Amino acid sequence: MFSEVDHLNEIATEEFRDRLGTVDEKGKRKWVYAQKPKGRFTNIRSFLSIFYFLIFFGLPFIEIDGRPLFLFNIPKAHFIVFGKVFWPQDFFIFGITMVTFVFFIILFTAAFGRLFCGWACPQTNFMELMFRKVEYLILGDAAAQRKLKADPWTSRKIFKVGFKHFVFFVLAFIISNFFLSYVIGMKELRKIITEPLSEHVGGLTAIVIFSYVFYAVYAYFREQVCIVICPYGRLQSVLMDKNSMIVAYDYKRGEPRGHIKKGEDNSKLGDCIDCFQCVRVCPTGIDIRNGLQMECVGCTACIDACNGIMDKIGKPRGLVRYASENSIADGERLHYTKRMKFYTALCAVVLSLLSMLLITRKDIDATVMRAPGMLFQEKGKDSVQNLYNVKVVNKTTREIPMIVKLEDMEGSILMIGKPYVKVENEGQGWGEFFITLPKKNILKRSTPINIGIYNGKQKIAVVTTKFLAPVAE
Ligand code: SF4
Ligand code: SF4
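Summary of the structure given here. Because the structure is predicted, anything quoted here is derived from the model rather than measured.

## Things to note about the overall build of the protein
Okay, step 1: What the protein contains, in helices and strands, is 16 helices and 16 strands.
Okay, step 2: Its C-alpha atoms give the protein a radius of gyration of 32 Å, more than 25% over the compact-globule value 23 Å for 473 residues.
Okay, step 3: For the protein, the spread of C-alpha atoms along the three principal axes comes to 115 × 60 × 40 Å.
Okay, step 4: Taken over 473 residues, the protein has a buried fraction of 46%.

## Some remarks on a positive patch on the surface
Okay, step 1: Residues K36, K38, K133 and K312 make up a contiguous surface patch of positive charge.
Okay, step 2: Mapped onto the secondary structure, K38 falls in the loop between α1 (4–12) and α2 (40–58).

## Comments concerning the site of ligand 1
Okay, step 1: Lining the immediate environment of ligand 1, one finds 13 residues, of which C282, C296, V297, C299 and C302 sit closest.
Okay, step 2: Partitioned by chemical class, the residues of the shell around ligand 1 number 10 nonpolar, three polar and no charged.

## Describing the nonpolar core
Okay, step 1: Core analysis: the biggest nonpolar cluster contains 32 residues, and F126, M130, F131, I175 and Y218 have the highest contact counts within it.
Okay, step 2: Sorting the residues of this core by element identifies α2, α5 (122–139), α7 (155–184), α8 (186–194) and α9 (201–221) as the ones contributing at least two each.
Okay, step 3: Per-element tally for this core: the top contributor is α7, with nine residues.
Okay, step 4: Look past the residues within four positions of I175 in its chain and what remains in contact with it is F56, F57, F126, M130, F131 and F214.

## Here's the deal with the packing of aromatic side chains
Okay, step 1: Evaluated as defined, the whole model comprises 25 aromatic pairs.
Okay, step 2: Geometrically, the ring pair formed by F53 and F126 is stacked, given 5.2 Å between the ring centres and 20° between the ring planes. With F53 in helix α2 and F126 in helix α5, this residue pair connects regions lying 73 residues apart in the sequence. Here F53 matches F126 in class, with each residue buried.
Okay, step 3: Arranged with centres 5.6 Å apart and planes meeting at 80°, the rings of F179 and F214 form a pair that is edge-to-face. Of this pair, F179 sits in helix α7 while F214 is found in helix α9, placing the two residues 35 residues apart along the sequence.
Okay, step 4: Residue classification places F214 among the buried residues on the basis of a relative accessible area of 16%.

## Looking at the environment of G417
Okay, step 1: Within the fold, G417 resides in the loop between β12 (412–415) and β13 (421–423).
Okay, step 2: Take G417: its relative accessible area is 71%, and that puts it in the exposed class.
Okay, step 3: Expressed as a C-alpha distance, the spacing of G417 and A366, which sit 51 residues apart in the sequence, is 19 Å.

## Topic: the sheet that holds strand β5 (residues 84–86)
Okay, step 1: With antiparallel pairing, the three strands of this open sheet are ordered in space as β3-β4-β5. Where the open sheet ends on each side, the last strands, each with one partner, are β3 (70–73) and β5. When the angles between neighbouring strand axes are averaged without regard to direction, this sheet yields 25°.
Okay, step 2: In this structure, β3 lies alongside strand β4 (residues 78–81), joined through four bridges in antiparallel fashion. Residue pairing for β4: N73 is matched across the bridge by H78.

## Things to note about the pattern of salt bridges
Note that side chains of opposite charge can pair when their charged atoms are close.
Okay, step 1: As enumerated under the stated definition, the model contains 18 salt bridges in all.
Okay, step 2: Between E128 and R132 there is a salt bridge, and its shortest N-O distance comes to 2.7 Å. Of this pair, E128 and R132 are both found in helix α5, four residues apart, which corresponds to roughly one turn of the helix. Neither residue differs from the other here; E128 and R132 are each classed as buried.
Okay, step 3: Measuring nitrogen to oxygen at the nearest pair gives 3.2 Å for the salt bridge that ties D271 to K315. Within this pair, whereas D271 is found in the loop between α12 (251–254) and α13 (277–280), its partner K315 is found in the loop between α14 (301–313) and β7 (320–323), the two being separated by 44 residues in sequence.
Okay, step 4: For K315, a relative accessible area of 30% gives the class partly exposed.
Okay, step 5: Residues joined in a network through salt bridges with shared partners are E135, K164 and R222.

## Some remarks on the side chain of K164
Okay, step 1: Looking at the secondary structure, you find K164 in helix α7.
Okay, step 2: A distance of 2.8 Å separates polar atoms of two side chains, one belonging to K164 and the other to E135.
Okay, step 3: Those residues in contact with K164 that sit more than four places away from it in its chain are E135, I138, L139 and R222.

## Remarks on the packing of α7 against α9
Okay, step 1: Where α7 contacts α9, the two axes come as close as 8 Å, and the packing angle between them is 130°. The orientation of α7 relative to α9 falls into the category oblique. For α7 against α9, the interelement crossing comes out right-handed. Seen from α7, the contacting residues are H165, F168, F169, A172, F173, I175, S176, N177, F179 and L180; seen from α9, they are G203, A206, I207, F210, S211, Y212, F214, Y215, Y218, A219 and Y220.

## A few points about the sheet that holds strand β16 (residues 458–468)
Okay, step 1: Across the sheet, four strands lie side by side as β13-β11-β15-β16; this open sheet has antiparallel pairing. The open sheet has two edge strands, β13 and β16, and neither has a second partner. Across this sheet, the average inter-strand angle for adjacent strands is 35°, counted without regard to direction.
Okay, step 2: As paired elements, strand β15 (residues 446–455) and β16 share 10 bridges and run antiparallel to each other. By the bridge assignment, N450 is partnered in β16 with T464.

Reading the values: the criteria
Residues numbered from 1 in each chain as written. Chains lettered and ligands numbered in written order. Predicted model: local features only at pLDDT ≥ 70, side-chain atom pairs only at ≥ 80, totals over all residues. Heavy atoms only, no water. Helix = DSSP H or I, 4+ residues; strand = E, 2+ residues; numbered from the N terminus. Rg over C-alpha atoms; globule rule 2.2 N^0.38 Å. Buried < 20%, exposed > 50% of the residue type's maximum accessible area, 1.4 Å probe, protein only. Patch = residues over 30% accessible without salt bridge, like charges linked within 9 Å, V, L, I, M, F, W, Y side chains within 5 Å. Areas by Shrake-Rupley, 256 points an atom, 1.4 Å probe, with all protein chains shown as cover. Salt bridge = Lys/Arg side-chain N within 4 Å of Asp/Glu carboxyl O. Lys, Arg positive; Asp, Glu negative; His and termini not counted. Charge placed at Lys NZ, Arg CZ, Asp CG, Glu CD. Near = heavy atom within 4 Å. Nonpolar A, V, L, I, M, F, W, Y, C, P; charged D, E, K, R; others polar. Core = buried A, V, L, I, M, F, W, Y, C linked by side-chain atoms within 4.5 Å. Contact = heavy atoms within 4.5 Å. Phe/Tyr/Trp six-rings, centres within 6.5 Å; stacked < 30°, edge-to-face > 60°. Pairing = 2+ DSSP bridges. Axes fitted to C-alpha atoms, helices over the stretch in contact; angles between N-to-C directions. Polar contact = N/O pair within 3.5 Å; in protein donor to acceptor, adjacent residues only side chain to side chain. Parallel < 35°, antiparallel > 145°, perpendicular 65-115°, else oblique. Left-handed = near helix turned anticlockwise from the far one by under 90°.

As structure tokens, then:
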């Protein structure tokens, strides 16, 4: 029987790990003409991609209380997640969310390898299930594309290639618009589209730049994004181990590979008939039979291709399948390892922390600080005055006429300017005010005081600050 050692010896002599599957000996890029995959996994992925595209193109139209469901306005540091507004003041929540996300990625990758890349990553979905499908429709399958490439530049070729690039650019332009709507919101995007272009030079420039970037990604960079650019892809080798689920070739069953010859004794051959179908459909240009490779995005095309061949030659499916390296080598079943349990515990801790922060998060944040450079001012013989600045962040959808009051303390407050500060919805407001306290109540140089922030009669926050007075302690 073909052992793991034999298999490792065999692949150790090969040069495939010395360079990328998409680069030749001279370091030049090898263009991948992936054959159109067919099969159960491809059908499910195609169906799922429609669902993802509906989400991507549909979400920007959904609004809650007049604001988008999601907004990631990085330039203005304004974020909306599930209709809830997040400001830079919520950076702690943002930080913990990032940490939680990273821990989940670590756990998910340790358990399921590149399942996300193959099934849910926007890059794979747009590339394999939108742009590549358009390419098949216009240029034909891999063989037709190769032939077209070798053909001279006739009017037919110019039309086909030109039309493909035109459609690619139109799709990239549409994606770019929707991508931008997640940053500036659908309302702003509509203004860019409907109002005079001269009023939205910045927005228009962003749309054009994004369109060219998306077009370049799907027309030229393609699988290179997953192979050399994506940081998640680069982390795989660290996050995965021999128990992680990957798309794997069962070399114990498949080797020694060879063509089945009629009238000859084929009993010594494994199940792999060396038909190269798994290689032909691979969008990253690799041979899954060489073992786990960083180029593999787990797209399952080779599983479908090999299952099709197994059906034809009357052998059981699953020569290429989801499995772990250990399960192929020792027949060990996929299981929940100690490492995964440890990552799960870490996830549970950060998720609890995040939930707590989200539950206790306030819709209004207020900070009150003594005016910088000012100590105190004596008012007559019996009172002392301090000057304060108040800043309020309003995360709600309603405007707040903010007033401040002293809590549980004798004294008075005098707002400078208007008697209240108008804080716009999803906006910020600032104000200045004096607090005057009677000397008889001040026993220390620095006295903690509570200031209530009110929306009319409704108390929305209580802030503790210090009051300074000339008292010898
Ligand atoms: S090896 Fe298989 S799963 Fe991996 S990228 Fe190629 S076709 Fe997709
Ligand atoms: S598709 Fe299956 S049988 Fe054909 S070469 Fe690949 S692993 Fe072997």
